[in-house]
Amino acid sequence: MYRSHNNGELRATHINKEVTLAGWVQKSRDKGFMIWVDLRDRYGITQLIFDEERTPAEMMEKAKSLGREFVIQITGTVIERESKNNKIPTGAIEVLVNKLEILNTAILPPFTIEDETDGGEELRMKYRYLDIRRNPVKNSLMFRHKVAMEVRKYLSDQEFIEVETPYLIKSTPEGARDFVVPSRMNEGQFYALPQSPQTFKQLLMVGGMDKYFQIVKCFRDEDLRADRQPEFTQIDCEMAFVEQEDILNIFEGLTRHLLKEINGVEIEKFPRMLFDDAMRLYGNDKPDIRFGMEFGELNDVAQHKDFKVFNEAELVVGIAVPGGASYTRKEIDKLIDWVKRPQVGALGMVYVKCNDDGSFKSSVDKFYNQEDLAKWAEKTGAKPGDLICVLSGKTTKVRPQLSALRMEMAERLGLRDPKVFAPLWVIDFPLLELDEETGNYHAMHHPFTSPKPGQLELLDTNPGDVKANAYDLVLNGNEIGGGSIRIHDKAVQATMFKHLGFTEEEAKAQFGFLMDAFEYGAPPHGGLAFGLDRLVAILGGQETIRDFIAFPKNNSGRDVMIDAPAPIDDEQLNELSLKLNIQ
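Residues numbered from 1 in each chain as written. Predicted model: local features only at pLDDT ≥ 70, side-chain atom pairs only at ≥ 80, totals over all residues. Heavy atoms only, no water.

A. Up close: the overall build of the protein chain. Counting its secondary structure elements, the protein chain contains 17 helices and 22 strands. With respect to the principal axes defined by its C-alpha atoms, the protein chain has extents near 90 × 75 × 55 Å. Counting only residues that meet the buried cut, the protein chain has 49% of its 583 residues in that class. For the protein chain, contacts bridging at least 24 residues in sequence account for 66% of all contacts bridging at least 6. Of the side-chain charges in the protein chain, 73 are positive and 93 negative, and the distance between the mean point of each set is 5 Å. (Helix = DSSP H or I, 4+ residues; strand = E, 2+ residues; numbered from the N terminus. Buried < 20%, exposed > 50% of the residue type's maximum accessible area, 1.4 Å probe, protein only. Contact = heavy atoms within 4.5 Å. Lys, Arg positive; Asp, Glu negative; His and termini not counted. Charge placed at Lys NZ, Arg CZ, Asp CG, Glu CD.)

Now the structure itself:
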């Protein structure tokens with residue numbers, strides 16, 4: 001037996017009890033006649049004590065040799081600690097060691113394994129197994145486990161069945177690039193790693209499984225961000241014989257359950273917002289509604305004067321920043337520089353200070369009088385003391401630019417409290433999205449999404465106006481889940497493929513198995529998938545997901561710990577009938 005107790009459980013009630021502990025040496029303090037060692041494992045820290053009056057000389061020497069991260073086992077007696085440490089649960093006791101065994105030595109770690117470390121992110125990712133020993137990362141992984149267990153509990157109680165689907169599948173056009181896997185036994189042919197289990201979960205509904213879920217790895221070969229990894233985990237769900245309302249109710253219930261069990265927060269309202277309203281009021285389809293600063297469209301009150309910039313713009317739109325009128329000219333200039341950064345891309349910004357006396361001072365006073373600016377304040381909801389920030393240009397560019405500014409100002413003003421949770425559903429997305437470069441339409445979600453009832457006929461006349469029977473669940477400005485009612489009729493699915501530019505032959509080659517399945521009695525069905533990594537991070541009060549993933553990739557999609565991806569040797573390439581043309 002390596003241990004009778006873990007390093008987080010001993011208390012004053014254990015005094016005089018003999019125990020056996022094991023773990024890593026967190027630190028050692030040698031006073032010559034007395035040595036204290038902090039012994040750490042996943043559960044906590046226990047202080048060990050060796051002293052020359054009660055500890056044999058040979059063991060004292062061995063204790064003096066202990067270095068950071070040595071793996072040791074001890075046996076000893078729990079005694080009362082003279083200088084108690086109220087910061088740790090075991091701070092009332094220590095263990096007087098009578099037996100010490102060094103299970104493994106350790107070289108000096110490349111960074112300090114403590115909550116506040118001196119290691120940079122790239123270094124800690126290279127030695128991730130050491131980083132996991134630190135409480136912030138360890139606790140994040142344990143937090144993720146707790147969330148996953150609550151998900152399984154809730155869905156199982158709702159009669160969902162967890163079913164595993166394949167990882168080696170067929171490459172299909174779902175939006176992002178596939179990771180592909182060459183087949184040795186089928187020369188010149190390739191598997192793809194799934195971007196989602198979409199078609200398989202639909203086939204499970206055809207198979208009569210009725211309620212399916214899976215906590216599943218998915219893969220997308222796309223550019224990375226702080227909240228995106230090439231491999232990620234979904235809570236993937238599908239239900240048969242349901243309408244949109246049924247699905248929204250079930251997953252509102254799941255979200256309420258998680259917020260209550262994980263965060264101790266009771267949520268009553270899950271507002272619903274049309275996609276068009278989200279874009280008009282917030283400039284994106286995942287608005288953070290914990291604070292205001294809704295957009296005010298100013299075309300009708302700003303395009304009647306000789307200000308050419310506004311007159312030539314497709315959209316003039318602004319927000320009111322609370323208390324912003326106190327900003328100095330230098331601070332506003334920095335704000336203008338911020339929106340002109342390449343990451344935002346605005347060409348400039350017009351501002352209006354709403355003075356406490358009800359007057360206005362703007363950067364365009366040459367063109368607009370006090371009456372004009374009062375109308376801007378009315379449109380944006382600005383009050384005395386606020387700052388109106390106005391952008392203009394093409395609608396598809398200006399909205400995301402102002403959305404970025406809104407989120408930045410909320411961050412600076414402390415309006416994005418991670419302990420406050422504001423969920424909402426965004427519904428009625430466009431079914432199709434126009435590619436401005438090619439002029440072709442593609443599915444905004446995926447080609448299996450059903451149009452809203454009664455809108456199928458619009459595909460032939462006004463495809464851009466067709467709304468999808470789709471919905472996203474947003475939490476604190478992050479999309480945490482999304483789904484749709486699926487097409488379950490072969491003829492409707494064929495019509496959809498036609499409007500997406502598939503020939504009959506291409507549709508059959510890509511999705512013939514699904515179309516065939518629909519001929520055997522496919523029920524009405526729909527589903528939703530949560531991004532587990534992102535959901536866990538938000539519930540844990542973070543915006544980035546890396547600390548909640550055991551072995552994440554860096555911004556280049558590399559695993560710097562195992563140095564992957566990596567070349568493979570010529571023999572393997574030959575077995576796979578591959579030849580690399582690298583100059």
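On we go from here.
B. Seen up close, the packing of aromatic side chains. Applying the stated criterion across every chain yields a total of 18 aromatic pairs. For the pair Phe275 and Phe429, a centre-to-centre distance of 5.2 Å together with 40 degrees between the ring planes defines the contact as tilted. On the criterion of sequence distance, the pair formed by Phe275 in helix H7 (residues 275-282) and Phe429 in the loop between strand E17 (423-427) and strand E18 (432-434) is long-range, its members being 154 residues apart. Judged by relative accessible area, which is 10%, Phe275 ranks as buried. Clustering of aromatic rings is evident, with ring pairs tying together Phe307, Phe310, Phe367, Tyr368 and Trp376. (Phe/Tyr/Trp six-rings, centres within 6.5 Å; stacked < 30°, edge-to-face > 60°.)

C. Summary view of unusual backbone geometry. Here the residue pair Ala564 and Pro565 is connected by a cis peptide bond, since its omega of 5 degrees sits within 30 degrees of zero. Within the secondary structure layout, Pro565 lies in the loop between helix H16 (532-539) and helix H17 (570-575). Even without being a glycine, Asp210 presents a positive backbone phi close to 75 degrees. Counting through the fold element by element, Asp210 comes out in the loop between helix H5 (198-206) and strand E9 (211-219). Judged by its relative accessible area of 33%, Asp210 is partly exposed.

D. Geometry of the pattern of salt bridges. Using the criterion set out here, one finds 40 salt bridges in the structure. Note that Glu252 is salt-bridged to Arg256, the shortest N-O span being 3.4 Å. Pair noted here: Glu252 and Arg256 are both in helix H6 (residues 244-263), with a separation of 4 residues, about one helical turn. The class for Glu252 is buried, based on a relative accessible area of 8%. One salt-bridge network, held together by shared partners, links Arg124, Arg128, Asp131, Arg134 and Asp547. (Salt bridge = Lys/Arg side-chain N within 4 Å of Asp/Glu carboxyl O.)

E. How the structure looks around the layout of surface pockets. Here the second largest pocket defines a volume of roughly 650 Å³. Lining the second largest pocket are 18 residues, with Phe275, Met279, Thr396, Glu433 and Met444 positioned closest to its centre. Among the secondary structure elements, those contributing two or more residues to the lining of the second largest pocket are H7, helix H12 (395-412) and E18. The element that contributes the greatest number of residues to the lining of the second largest pocket is H12, accounting for 4 residues. Looking at side-chain class alone, the lining of the second largest pocket contains 8 nonpolar, 4 polar and 6 charged residues. (1 Å grid on protein atoms, 1.4 Å probe; cavity = no way out; pocket = protein on both sides within 12 Å on 5 of 7 lines; lining within 4 Å. Points joined across faces, edges and corners; volume = space filled by probe spheres on them. Nonpolar A, V, L, I, M, F, W, Y, C, P; charged D, E, K, R; others polar.)

F. Spotlight on the packing of helix H4 (residues 135-157) against H16. Two elements in contact, H4 and H16, have axes separated by 10 Å at closest approach and are oriented at 110 degrees. Between H4 and H16, the interaxial angle falls into the category roughly perpendicular. Considering the relative orientation of H4 and H16, their crossing is right-handed. Note on element contacts: H16 touches H4 through Leu532, Asp533, Val536 and Leu539, opposite Phe143, Arg144 and Val147. When grouped by side-chain class, the residues that make up the contact of H4 with H16 number 5 nonpolar, no polar and 2 charged. (Axes fitted to C-alpha atoms, helices over the stretch in contact; angles between N-to-C directions. Parallel < 35°, antiparallel > 145°, perpendicular 65-115°, else oblique. Left-handed = near helix turned anticlockwise from the far one by under 90°.)

G. Up close: the nonpolar core. Residues Val147, Leu155, Phe251, Trp425 and Phe530 are the most contacted members of the largest nonpolar core, which totals 42 residues. Core analysis: the next-biggest nonpolar cluster, separate from the first, contains 26 residues, Ile319, Val321, Tyr351 and Met407 among them. (Core = buried A, V, L, I, M, F, W, Y, C linked by side-chain atoms within 4.5 Å.)

H. Main features of H6. With 20 residues, H6 extends 28 Å between its outermost C-alpha atoms, agreeing within 8% with the 28 Å of an ideal straight helix rising 1.5 Å per residue. Once H6 finishes, Gly264 follows within two positions and takes phi at roughly 70 degrees, a positive value. (Expected span 1.5 Å × (residues − 1).)

I. Geometry of the sheet that holds E17. Taken together, the 8 strands give an open sheet; going across it, the order is E6-E9-E10-E22-E21-E20-E17-E11, and neighbouring strands pair in mixed fashion. Strands with a single pairing partner mark the edges of an open sheet, and in this sheet they are strand E6 (161-162) and strand E11 (272-274). Running at roughly 30 degrees to strand E22 (residues 525-531), H6 makes contact with strand E10 (231-240), E11, E17, strand E20 (470-475), strand E21 (478-485) and E22 of the sheet. (Pairing = 2+ DSSP bridges.)

J. Up close: the environment of Ile102. As for its placement among the helices and strands, Ile102 is situated in strand E5 (residues 93-104). Assessed through its relative accessible area of 28%, Ile102 is described here as partly exposed. Residues Ile102 and Leu539 lie 437 residues apart in sequence; the distance between their C-alpha atoms is 40 Å. Dropping the residues within four chain positions of it, Ile102 is found in contact with Lys62, Ser65, Leu66, Phe70, Val71 and Ile72.

K. Quick look at the environment of Leu48. By the secondary structure assignment, Leu48 is in strand E3 (residues 44-51). Separated by 28 residues in the primary sequence, Leu48 and Gly76 place their C-alpha atoms 8.7 Å from one another. When neighbours within four sequence positions are excluded, Leu48 is seen to be in contact with Leu21, Ile35, Trp36, Val37, Leu39, Ile72, Ile74, Val95 and Val97.

L. Seen up close, the sheet that holds strand E1 (residues 18-30). Strands sit in the order E1-E2-E3-E5-E4 around a closed barrel of 5 strands; the barrel is mixed. Direction aside, neighbouring strands of the sheet carry axes that sit 55 degrees apart on average. Sheet strands in contact with helix H1 (residues 57-64) are E1, strand E2 (34-41), E3 and E5, and its direction is about 75 degrees off that of E5.

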